[in-house]
Each structure stands twice: as structure tokens, then as C-alpha cells.
Amino acid sequence: MGKAPSQVIVCYRALLDFIYMAQYPTHDDSTLQYLTKALDELHANKDILVDLEIDNHFNIPKFHSMLHYEECICNFGTTNNYNTEMFEQFHIDYAKEAWRASNFRNELPQMTQWLSRQEKIVMFQSYISRYQLEEEREEEVQEAVDGRNQDVSLVTAKRPAAPSQTLSNIQTKHGDSIPHTQVSNAFLPFNKLDVWHSFKFSLDTLGNDVDGQKGIDLVRAQPGRGESPGRFDVVMVTHMDGAESTGLHGMKVGRLRLIFRLPEIIGLYNEAPVVWPKHHFAYVEWLTVSHSPGAHHNMYSVTKPQPLDTTGHLPGEIVPLSTI
């Protein structure tokens, strides 16, 4: 930021907004208005690219076609119903890959034979999959994970990555995420927790038109090992009932430091109270989000807040994992 003129940033931002909104799987009057607004902003600022000699003109068919997107969506539905992405993928599968599998001489019979073999492999895989148990297929696709929360499609591993970790060990490995003074002054009936280093979630729950293994994303709270640094991802957490799925209202931003679950056994033989929740929890270090987006790039800035005390601990909170 600061290296390019503000008008260039507005131009590129408007173009990206238009591209992403044009791919929405559903549309209404509001989203179409946003689409039109992004296109108007692009046309209002695109001349800066000519002034800076980035391009000579914009007499390009693809730029002209953007004028008809709103009309086409109103008449024919969302763009995923009539775009050329499917046929481009077919061209890769049936032409490019088949050609690469040949010796580039008299390639047509070789390509035909290669495609025939690929179809037979797919048919055999389909035959085998019909006789696999549903549980085995889920373990194969999701790498032996379960615990899916139907509301938010969260997936955690069956077993913790680091079982029975002492609280002091957790504080050391996870970057002193929980202030020592709070833990030492708190009366806890346990001193060990089972810790997970990651969880998965379905991108489809966020409105993405994806499925299968490509529709699964991974969030980590993994401490470093040896010379390898740790990875603690930034997440968004709902903290109000009126939280929006596409905005920041009712949302907080923080760095995921710890994923854990309360123990089922206290001490050596005592069972945990039945009122204790069975779901997973997370400790999140809160980050400070700007009150309004930037005037040109329309993005919020996220910064570290001031430490709570002289020890450098940042404000944080234990939240249910399902709120992430």
C-alpha cells in the first residue's frame, strides 16, 4: 500500500469485486446492485491505467461483456448455469492430458486408447466403491476424522494430537497464550487437557459453491517442533446472536491459540460432572479491527492490541469451537 495511486487501487478492487460477485451461486436485487456498483466504479477509474501507460485502451470483448452480466443473470439465472468452465475442464481431461500420454506421433489412436482405459478405471473404481461401507468411505475421504457439527460442519480428529498435556506445558508450547497469573489463581479440578492441533470445516457453509475434498479447509493451532515454527491461524468468531454471515457485525477477529476439550476423568478415578459440555473449546487471542474499511481498498485493517499487563499477554477468551 502507498506505492500505487489510490485510483489504481480502486480500479483493481472494483474489478475483483465484480469478478467474485459475478460467480455467486445465488443472486437477489441487492447483490445485483453491488455488481452494478462495482462495474460503475471500474469504468469511473479505469482511465488511470491508460494515463500511466499500463494499457493503451480497453476495447476488449471481455470488458464489453461485463456490461451484459446483470441482464443475463436476470434472464437466465446465475452464471454457473451457462459458463464455459465445464467445457474447458473437458478440454484438459480429454485433449491435453490424453495428448501428453502419447508419444506425439500418430497421436489420435493413442489418445483414444488412453481415454478408453481411463473410463475403465473410473468404472472399476465406481464398482468397488459400491461395496465399501459408508464409514470406510468417510474415513478415506476425511482422513479418519469425525465429530462433524451439523450446524457449522466442523470436523475434528477422533483422537487428540497431544493427549494429557499439563497446563504449564500448554502455556509454553502455545506461545504463553493463557496468562500464567490467571491459571495460577484459578481453582481447577484438573491440571491436564487433551489438545488438538487443527480442525476442518466445509467451505460450502460459507456460501461457496464447492463440494468434495476441495470444499474442505483446514485451520491450525499447531505449536512449533524443533526448528519448525508453529502455526496459529487467524479466525473469525461470532459473539452476538445477530452476527452476519457476510459482514463483520457481531463478529470478532483473533488468533487461534489452542483447541481442547474438558477431561472426562478428574484425577485418577472420578468422572467429570455430567453438566460439563462435551464439545470442543478454543482459546483465541483477540485482534483489533478498524471501525471502518479503507477508503480505497475497502478492506478492514487488523492489528495487535495493547498487552493487558507488563508481561505482554494479549486479551483473549475461551469460546466454543462451533462459534468459529
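Residues numbered from 1 in each chain as written. Predicted model: local features only at pLDDT ≥ 70, side-chain atom pairs only at ≥ 80, totals over all residues. Heavy atoms only, no water.

**Q** Would you take a moment to explain the overall build of the protein chain for this structure?
**A** Within the protein chain, the secondary structure is distributed over 10 helices and 15 strands. Partitioning the contacts of the protein chain with sequence separation of at least 6, the portion at a separation of at least 24 is 55%. (Helix = DSSP H or I, 4+ residues; strand = E, 2+ residues; numbered from the N terminus. Contact = heavy atoms within 4.5 Å.)

**Q** Even after reading the chapter, I still don't get the pattern of salt bridges, so can you show me in this structure?
**A** Side-chain pairs of opposite charge can arise where the charged atoms are in close proximity. Inspection of every chain in the model, using the stated rule, returns five salt bridges. Note that E41 and R13 form a salt bridge whose closest N and O atoms lie 3.0 Å from each other. With E41 in helix α2 (residues 29–45) and R13 in helix α1 (residues 6–22), this pair connects stretches of sequence that are 28 residues apart. Among the salt bridges present, the one from D233 reaches R231, with a minimum N-O distance of 2.8 Å. (Salt bridge = Lys/Arg side-chain N within 4 Å of Asp/Glu carboxyl O.)

**Q** Is there a simple way to explain unusual backbone geometry in this structure?
**A** If a residue is not glycine, its phi is most likely negative; likewise, a peptide bond is most likely trans. Phi angles above zero are rare outside glycine, and F104 is one such case at about 70°. Among the secondary structure elements, F104 is positioned in the loop between α6 (85–100) and α7 (107–129). Of note, the phi angle at N298 is positive, near 60°, even though the residue is not glycine. Relative to the helices and strands, N298 is located in the loop between β13 (288–289) and β14 (302–303). For N298, a relative accessible area of 41% corresponds to the partly exposed category. (Buried < 20%, exposed > 50% of the residue type's maximum accessible area, 1.4 Å probe, protein only.)

**Q** Explain the packing of α2 against helix α5 (residues 69–76) to me, please; I cannot follow it from the model alone.
**A** The description of two packed helices rests on the angle between their axes and on the distance between the axes. Look at α2 against α5: their axes get within 10 Å of each other, and the N-to-C directions meet at 160°. The pairing of α2 with α5 is recorded here as roughly antiparallel in orientation. Considering the relative orientation of α2 and α5, their crossing is right-handed. From α2, L32, L35 and T36 reach across to α5, where they touch Y69, E70, I73 and C74. Of the residues contributing to the contact of α2 with α5, the split by class is five nonpolar, one polar and one charged. (Axes fitted to C-alpha atoms, helices over the stretch in contact; angles between N-to-C directions. Parallel < 35°, antiparallel > 145°, perpendicular 65-115°, else oblique. Left-handed = near helix turned anticlockwise from the far one by under 90°. Nonpolar A, V, L, I, M, F, W, Y, C, P; charged D, E, K, R; others polar.)

**Q** Would you mind going over α6 with me for this structure?
**A** One full turn of an α-helix is made of 3.6 residues, so residues set three or four places apart face in the same direction. The terminal C-alpha atoms of α6 lie 21 Å apart, and with 16 residues this matches the ideal 22 Å at 1.5 Å per residue to within 8%. Taken as a whole, α6 carries its principal kink of about 30° at I92. (Expected span 1.5 Å × (residues − 1). Bend = angle between axes of the 7 residues up to and from the residue.)

**Q** How do you make sense of the nonpolar core when you look at a structure like this?
**A** Side chains of nonpolar character tend, in soluble globular proteins, to be buried together. Ranked by size, the top nonpolar core spans 17 residues in total, and within it F18, L35, L39, L42, L49, F63 and M66 carry the most contacts. Examining the composition of this core, we find that six residues originate from one element, α1, more than from any other. Excluding residues that lie within four positions of it along the chain, L49 makes contacts with V8, C11, Y12, I54, D55 and F58. Counting residues in each nonpolar core, the second largest holds 16 residues, with V219, F232, L256 and A282 among its members. (Core = buried A, V, L, I, M, F, W, Y, C linked by side-chain atoms within 4.5 Å.)

**Q** Hey, could you run me through the confidence of the model for the protein chain in this one?
**A** Parts of the model with low pLDDT should not have their predicted coordinates read in detail. In the predicted model, the protein chain carries a mean pLDDT of 81, and 81% of its residues have values of at least 70. Within the protein chain, strand β1 (residues 145–149) has the poorest average pLDDT of any element, 42, and α2 the best, 93. Between residues 143–152, whose pLDDT stays under 50, and residues either more than four places distant or in other chains, the model counts 22 contacts. (pLDDT = per-residue confidence, 0-100.)

**Q** Sorry if this is basic, but what is going on with the environment of W276 here?
**A** Positionally, W276 belongs in the loop between β11 (270–271) and β12 (281–286). Between the C-alpha atoms of W276 and E264, which are 12 residues apart in sequence, the distance is 8.8 Å. Contacts of W276, omitting those with residues within four sequence positions, involve P189, F190, L262, P263 and I266.

**Q** Is there a simple way to explain a nonpolar patch on the surface in this structure?
**A** Judged by side-chain polarity, M86, F87, F90 and Y94 come together as a nonpolar surface patch covering roughly 440 Å² of accessible area. Among the structural elements, M86 can be located in helix α6. Take M86: its relative accessible area is 47%, and that puts it in the partly exposed class. (Patch = residues over 30% accessible without salt bridge, like charges linked within 9 Å, V, L, I, M, F, W, Y side chains within 5 Å. Areas by Shrake-Rupley, 256 points an atom, 1.4 Å probe, with all protein chains shown as cover.)

**Q** Quick question: what am I supposed to make of the packing of aromatic side chains here?
**A** Think of a pair of aromatic rings as described by two things: how far the centres are apart, and how the planes are tilted against each other in angle. Throughout the structure, instances matching the rule amount to seven aromatic pairs. Ring geometry for F260 against F281: centres 5.9 Å apart, planes inclined by 20°, an arrangement best described as stacked. With F260 in strand β9 (residues 251–261) and F281 in strand β12, this residue pair connects regions lying 21 residues apart in the sequence. You can call F260 buried: its relative accessible area is 5%. Across from the ring centre of W286, 4.1 Å away, lies the NZ or CZ of K252, which sits over that ring. Over the ring of F232 we find R257; its NZ or CZ atom is 4.5 Å from the centre of that ring. (Phe/Tyr/Trp six-rings, centres within 6.5 Å; stacked < 30°, edge-to-face > 60°. Lys NZ or Arg CZ within 6 Å of the ring centre and 35° of its normal.)

**Q** Looking at this structure, how should I read the side chain of T78?
**A** By the element assignment, T78 lies in the loop between α5 and α6. Judged by its relative accessible area of 11%, T78 is buried. Within the local environment of T78, its side chain forms a polar contact with the side chain of N80, the two groups lying 2.6 Å apart. Beyond its immediate stretch of four places on either side in the chain, T78 contacts Y24, P25, T26 and H27. (Polar contact = N/O pair within 3.5 Å; in protein donor to acceptor, adjacent residues only side chain to side chain.)

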